[in-house]
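Here is how the chains run, residue by residue.
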Amino acid sequence: MRGFHSVLGVLLAVGYAALLAHPAWLPGLTAAAQFAPPYSRAGTGVTVAYGLPLAAIACFLMPRRLMLWLSPRVPPLNDYLLTAGFWYLAGYLLLAVSAGLLLLFR
């Protein structure tokens, strides 16, 4: 499964780069980014709209690293509580939320 999720992460990264290279695909997001002051609620929303796909891509490309960095360890055996499967699931959830959010700006 790791190979499938790595390919999925790379394809999402390429799609995200294409979205950044062609801002006319989401004209509402481009307009929101132009008129939002940097430290306001609208600026925070634009940051979230651009950041959620990056978080999903990170969950697909490096779940083991996220497990080592962010997972608490259970005391008897010192096993990681949040395994790589959790980070794959988090990636799918973040991908669904980010796709829904970006579709609002079509």
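Residues numbered from 1 in each chain as written. Predicted model: local features only at pLDDT ≥ 70, side-chain atom pairs only at ≥ 80, totals over all residues. Heavy atoms only, no water.

Quick look at the packing of aromatic side chains
The tally for this structure, following the rule as stated, stands at 2 aromatic pairs. An angle of 70° between the planes, with centres 5.0 Å apart, marks the rings of F60 and Y92 as edge-to-face. Pair noted here: F60 is in helix α3 (residues 41-61) and Y92 is in helix α5 (residues 84-103), with a separation of 32 residues, a long-range link. A residue is classified by how much of its surface remains accessible, and F60, at 1% relative accessible area, is buried. Summarising the aromatic geometry, the rings of F86 and W87 are spaced 5.0 Å apart at their centres and angled 80° between planes, so their arrangement reads as edge-to-face. (Phe/Tyr/Trp six-rings, centres within 6.5 Å; stacked < 30°, edge-to-face > 60°. Helix = DSSP H or I, 4+ residues; strand = E, 2+ residues; numbered from the N terminus. Buried < 20%, exposed > 50% of the residue type's maximum accessible area, 1.4 Å probe, protein only.)

Things to note about the confidence of the model for the protein chain
Residue-level pLDDT values for the protein chain average 89, and 100% of them are 70 or greater. Of all the helices and strands in the protein chain, helix α2 (residues 27-35) carries the lowest mean pLDDT, 79, while α5 carries the highest, 94. (pLDDT = per-residue confidence, 0-100.)

A word on the packing of α2 against α3
Where α2 contacts α3, the two axes come as close as 9 Å, and the packing angle between them is 135°. It follows from the interaxial angle that α2 and α3 lie oblique. The two elements α2 and α3 cross, and the hand of that crossing is left-handed. Contacts from L29, A32 and A33 in α2 reach V46, A49 and Y50 in α3. In terms of residue class, the contact of α2 with α3 is made up of 6 nonpolar, no polar and no charged. (Axes fitted to C-alpha atoms, helices over the stretch in contact; angles between N-to-C directions. Parallel < 35°, antiparallel > 145°, perpendicular 65-115°, else oblique. Left-handed = near helix turned anticlockwise from the far one by under 90°. Contact = heavy atoms within 4.5 Å. Nonpolar A, V, L, I, M, F, W, Y, C, P; charged D, E, K, R; others polar.)

Considering the environment of A36
Considering the arrangement of structural elements, one finds A36 in the loop between α2 and α3. You can call A36 buried: its relative accessible area is 16%. Placed 26 residues apart in sequence, A36 and M62 show a C-alpha to C-alpha distance of 32 Å. When sequence neighbours within four positions are dropped, the list of residues in contact with A36 reads A42, G43 and V46.

What to know about the packing of helix α1 (residues 2-21) against α5
Contact geometry of α1 with α5 gives a least axis separation of 12 Å together with a crossing angle of 25°. Overall, the two elements α1 and α5 adopt an arrangement that is roughly parallel. In terms of crossing hand, the pair formed by α1 and α5 is left-handed. Judged by residue contacts, R2, F4, H5, L8, L12 and L19 of α1 engage Y88, Y92, L95 and L102 from α5. Looking at the contact of α1 with α5, its residues break down into 8 nonpolar, 1 polar and 1 charged.

A closer look at α1
For α1, built from 20 residues, the straight-helix expectation of 28 Å at 1.5 Å per residue is met to within 8% by its first-to-last C-alpha distance of 28 Å. Among all positions in α1, only H5, L8, G9, Y16 and L19 are buried. Angular distribution of buried residues about the axis of α1 spans 100°; they occupy a single face of the element. Turned more than 90 degrees off the buried face of α1, the exposed positions are L11, V14 and A21. Buried residues in α1 make contact with α3 and α5. (Expected span 1.5 Å × (residues − 1). Arc of directions from axis to C-beta.)

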